[in-house]
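Single-letter residue listing:
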Amino acid sequence: MNNKSFYVTTPIYYPSDKLHIGHTYCTVATDALARYKRLCGYDVMFLTGTDEHGQKIEEKAKEAGKTPQQFVDDIVTGNGGILDLWKLMNISNDRFIRTTDDYHVESIQRIFRKMYDKGDIYKGAYKGMYCTPCESFWTESQLVDGKCPDCGRDVHYAEEEAYFFRLSKYAKPVQELLEGGEFLQPASRVNEMINNFIKPGLEDLCVSRTSFSWGIPVDFDPGHVVYVWVDALSNYITALGYLNDRYDDMDRFWPAHHIVGKEIVRFHSIIWPAMLMSLELPLPKSVYGHGWLVIDGGKMSKSKGNVVDPYVLADMFGVDALRFFLLRTFPFGSDGNFSNELLISTINTDLANDLGNLVSRTTAMVEKYFGGTLIAEREADDVDNELVELLKATAGKYEAQMDKFQLHLALEDVFRLIQRANKYIDETAPWVLAKDEAKKPRLATVMYNLLEALRVALTLLKPFIPASCDEALEQIGGTDFATWENAFLYGVLPETVSVHKGGTLFPRIDMNKALEALEAAKKKTEPKTEEVSKFPPVLPQISFDEFSKVDLRVCRILACEPMKKSDKLLKFTLDDGSGTPRQILSGIHQFYEPQQLVGKKVVAVLNLAPRKMMGQDSNGMLLSASFEENGKEELHLLILDDAVPAGFQIS
């Protein structure tokens, strides 16, 4: 493997809907790292793509009246889709993988077989709670108030034949990998993985399903499709040609640096290394779990509808301004609070006032005082020293931060140089020097130092705002001199460098007008309430025989009490007409107090499989209507007239 190779990946995104600014944040950050390494002379492979299989895609496609393949094609390659978004955002990925690609399918079947032949995959039966949106199985102890611990939504009991990966076999080596201190970054994520997932005991992992068909078939057992982890995580090696004939880049690029959101760190830092150990392949060089962009205190989510459209922001403020904001404003390992006000303020302060103003003032003064081309004579002064020394030191500081994936700190170093150069203008007062012809050599020195500071700053900013830097470098005559080696040096531009003042790189934005325009754009894209129902669509048809299997009974509430250590759960004791009290748990405490319900007649599904919730059995489900009204969640139990006897079967 070439020591100067660098392989970096984003997660492969799930195309259940169009992507939002949170996905853009991850991809732009990874793009900046890839561009930085190319600037440094590395042979770079930058991979992104889409994870296109699974039950959720199958269900969404059915709702849309499309085949799963048509559904994902529309989101990935359709107008305004994922590929269009990455083109708009100037993403420089070298390869784009889709898990529906034929070569990936071929590799996954071989990977599954290889781990099966080794004894690391075996057939069993899965019984447990399943979250369809997250496509995750959970044990009762992992649920939070009876709901999915990742997304907080309802889970349902699932039981089916499945293949399992012996994740438990690799618990110790994975823990040792995490404790090594370099593999998982930032370091704060390590204890979370060990304490929350490894120490409680790693359970073997379900890696096939039989309850849906939209996936890669297990070729030696066609009733099964390969479940998400083997399919999705393996993309990082199948995209290099592992066990397929499409590419031959494993030796050249593997292992990789994985850039992922913190919510999928455990898959990449526990499951993925264990799979690679099973395959006897080198482990990734690093996994970096960045934070979330949050809005109004909550994580952006397609399902929650609180997303920000990068197309709107890029159209209004420019692609480079949006790229810069995402990477300048938020520490890469931490959550960041997104707001349009913060976006506009960052553009005005850093790009318009500091960088744009420095380029504009410097080129304008060279044109005004020297006709656009500097003279060769020079006259130094002690006031030059601080700027020149900072200029020569900035690239080294920037390099140290970029190699630690601290993108915001690298930008901070560059802007320290830009701000020092702006201060240097005030210190040297070129407009005063220009009044004395004898001071022309001194004035030329000041202008040259400013152009050199800009050359270094723009070279280092190219991974972040590439198009704007190319334009600015052309204006200062620095296009041919913006190399990594030159970023560490002073005196690179020719003594008689020529400049030309161009258009304003980053115009100042009127905050109030921009916010009004964003609000208007938002209203344009919002569905009209009279055209779109606030209620979900009717579910697919079922037969009368299927419906008749549901046992709906009238029950009288004998007792009701809150569950300890839960804000949501109420424990009901019901008379269902059988003579034996029935216990059902329901998460409706925020809508009802126990004393309101005792003696009421309700409707319950009695023949649901029992569920463990907070260590107690729940033997059925109460019927209720849940909806949102005026921005507030409402829930109403189905309560019947007292004349209907307990035990009455509803049909």
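Every value quoted in this text rests on a predicted model; they were computed, and no experiment measured them.

Parameters and conventions
Residues numbered from 1 in each chain as written. Predicted model: local features only at pLDDT ≥ 70, side-chain atom pairs only at ≥ 80, totals over all residues. Heavy atoms only, no water. Helix = DSSP H or I, 4+ residues; strand = E, 2+ residues; numbered from the N terminus. Buried < 20%, exposed > 50% of the residue type's maximum accessible area, 1.4 Å probe, protein only. Contact = heavy atoms within 4.5 Å. Areas by Shrake-Rupley, 256 points an atom, 1.4 Å probe, with all protein chains shown as cover. Lys, Arg positive; Asp, Glu negative; His and termini not counted. Charge placed at Lys NZ, Arg CZ, Asp CG, Glu CD. Axes fitted to C-alpha atoms, helices over the stretch in contact; angles between N-to-C directions. Parallel < 35°, antiparallel > 145°, perpendicular 65-115°, else oblique. Left-handed = near helix turned anticlockwise from the far one by under 90°. Nonpolar A, V, L, I, M, F, W, Y, C, P; charged D, E, K, R; others polar. Phe/Tyr/Trp six-rings, centres within 6.5 Å; stacked < 30°, edge-to-face > 60°. Lys NZ or Arg CZ within 6 Å of the ring centre and 35° of its normal. Core = buried A, V, L, I, M, F, W, Y, C linked by side-chain atoms within 4.5 Å. Pairing = 2+ DSSP bridges. Expected span 1.5 Å × (residues − 1). Bend = angle between axes of the 7 residues up to and from the residue. Salt bridge = Lys/Arg side-chain N within 4 Å of Asp/Glu carboxyl O. Patch = residues over 30% accessible without salt bridge, like charges linked within 9 Å, V, L, I, M, F, W, Y side chains within 5 Å.

Caption draft 1: Region of interest: the overall build of the protein chain. A count of helical and extended segments in the protein chain gives 22 helices and 26 strands. The C-alpha extent of the protein chain, read off along each of the three principal axes, is 110 × 55 × 45 Å. Residue burial in the protein chain is summarised as follows: out of 651 residues, 52% are buried. Nonlocal contacts in the protein chain, meaning residues at least 24 apart in sequence, comprise 75% of its contacts between residues at least 6 apart. With an accessible surface of roughly 29,200 Å², the protein chain has 49% of that area assigned to carbon and sulfur atoms. Between the mean site of the 72 positive side-chain charges and the mean site of the 92 negative ones, the protein chain shows a separation of 2 Å.

Caption draft 2: Quick peek at the packing of helix H14 (residues 340-370) against helix H16 (residues 407-428). At a minimum axis distance of 10 Å, the contact between H14 and H16 shows a crossing angle of 50°. Considered as vectors, H14 and H16 are oriented oblique to each other. The crossing of H14 and H16 is left-handed. Here H14 contributes Asp350, Leu351, Asn353, Asp354, Leu355, Leu358, Arg361, Thr362 and Met365 to the contact with H16, which in turn contributes Phe415, Ile418, Gln419, Ala421, Asn422, Ile425 and Asp426. Considered class by class, the residues forming the contact of H14 with H16 number eight nonpolar, four polar and four charged.

Caption draft 3: Structural detail: the packing of aromatic side chains. Counted according to the given criterion, the structure contains 28 aromatic pairs. A centroid spacing of 5.9 Å and a plane angle of 80° characterise the contact between Tyr25 and Phe332, whose relative ring orientation is edge-to-face. Placement of the pair is Tyr25 in helix H1 (residues 21-39) and Phe332 in the loop between helix H13 (319-329) and strand S15 (336-337), with a sequence separation of 307 residues. Each member of the pair, Tyr25 as well as Phe332, carries the same accessibility label: buried. When the centroid spacing of 5.7 Å and the interplanar angle of 80° are considered together, the rings of Tyr36 and Trp484 count as edge-to-face. Of this pair, Tyr36 sits in helix H1 while Trp484 is found in the loop between helix H19 (466-475) and helix H20 (511-525), placing the two residues 448 residues apart along the sequence. The same class applies to Tyr36 and to Trp484, which are both buried. Taken together, the ring pairs connect Tyr25, Tyr288, Phe325, Phe330, Phe332, Phe338 and Phe405 into an aromatic cluster. The ring of Trp292 carries Lys262 above its face, with NZ or CZ at 4.4 Å from the centroid.

Caption draft 4: Up close: the nonpolar core. With 110 residues, the main nonpolar core has Phe317 and Leu355 as its most contacted residues. Once residues within four sequence positions are removed from consideration, Phe317 is found in contact with Leu343, Ile344, Ile347, Ile509, Ala514 and Leu518.

Caption draft 5: Representation of the sheet that holds strand S4 (residues 121-131) within the structure. Here four strands make up an open sheet; going across it, the order is S5-S4-S6-S8 and the pairing antiparallel. Each of the sheet's edge strands pairs with one partner strand only, and the pair in question is strand S5 (136-138) and strand S8 (205-206). Bridge count between S4 and strand S6 (residues 156-165): ten bridges; the pairing is antiparallel. The residue bridging Gly128 from the neighbouring strand is Ala158, located in S6.

Caption draft 6: Geometry of helix H15 (residues 385-403). The first and last C-alpha atoms of H15 sit 28 Å apart over 19 residues, in line with the 27 Å expected at 1.5 Å per residue. At Ala393, H15 shows its maximal bend, which comes to roughly 35°. Considered for burial, the residues of H15 that qualify are Leu387, Val388, Leu390, Leu391, Thr394, Ala395, Tyr398, Gln401 and Met402. Here the buried face of H15 lies against H1, H16 and helix H18 (440-461). Just downstream of H15, Phe405 is the residue with a positive phi angle, here 65°.

Caption draft 7: Highlighting the pattern of salt bridges. For the structure shown, the criterion picks out 35 salt bridges. With a shortest N-O distance of 3.1 Å, Asp94 and Arg38 are connected by a salt bridge. You can see Asp94 sitting in the loop between helix H4 (82-88) and strand S3 (95-98) and its partner Arg38 sitting in helix H1, a full 56 residues away along the chain. For Arg38, a relative accessible area of 28% puts it in the partly exposed group. The shortest N-O distance in the salt bridge between Asp617 and Lys612 comes to 3.4 Å. Residue classification places Asp617 among the partly exposed residues on the basis of a relative accessible area of 34%.

Caption draft 8: Region of the structure containing a nonpolar patch on the surface. Together, Ile542, Phe544 and Phe547 make up a nonpolar patch on the protein surface, roughly 350 Å² of accessible area in all. Relative to the helices and strands, Phe547 resides in helix H21 (residues 544-548).

Caption draft 9: The arrangement of the environment of Asn385 in detail. Note that Asn385 resides in helix H15. Distance in space between the C-alpha atoms of Asn385 and Ala256 is 42 Å, their sequence separation being 129 residues.

Caption draft 10: Spatial organisation of the pairing of strand S18 (residues 582-586). The buried fraction of S18 is high, at four of five residues. Pairing between strand S17 (residues 570-575) and S18: five bridges, direction antiparallel. Looking at the pairing, Lys571 lines up with Leu585 of S18. Counting the residues that bridge the hairpin from S17 to S18 gives six residues, and of these Gly577 lies at a positive phi of roughly 90°.

Fair warning: the whole summary comes from geometry, so function is off the table for now.
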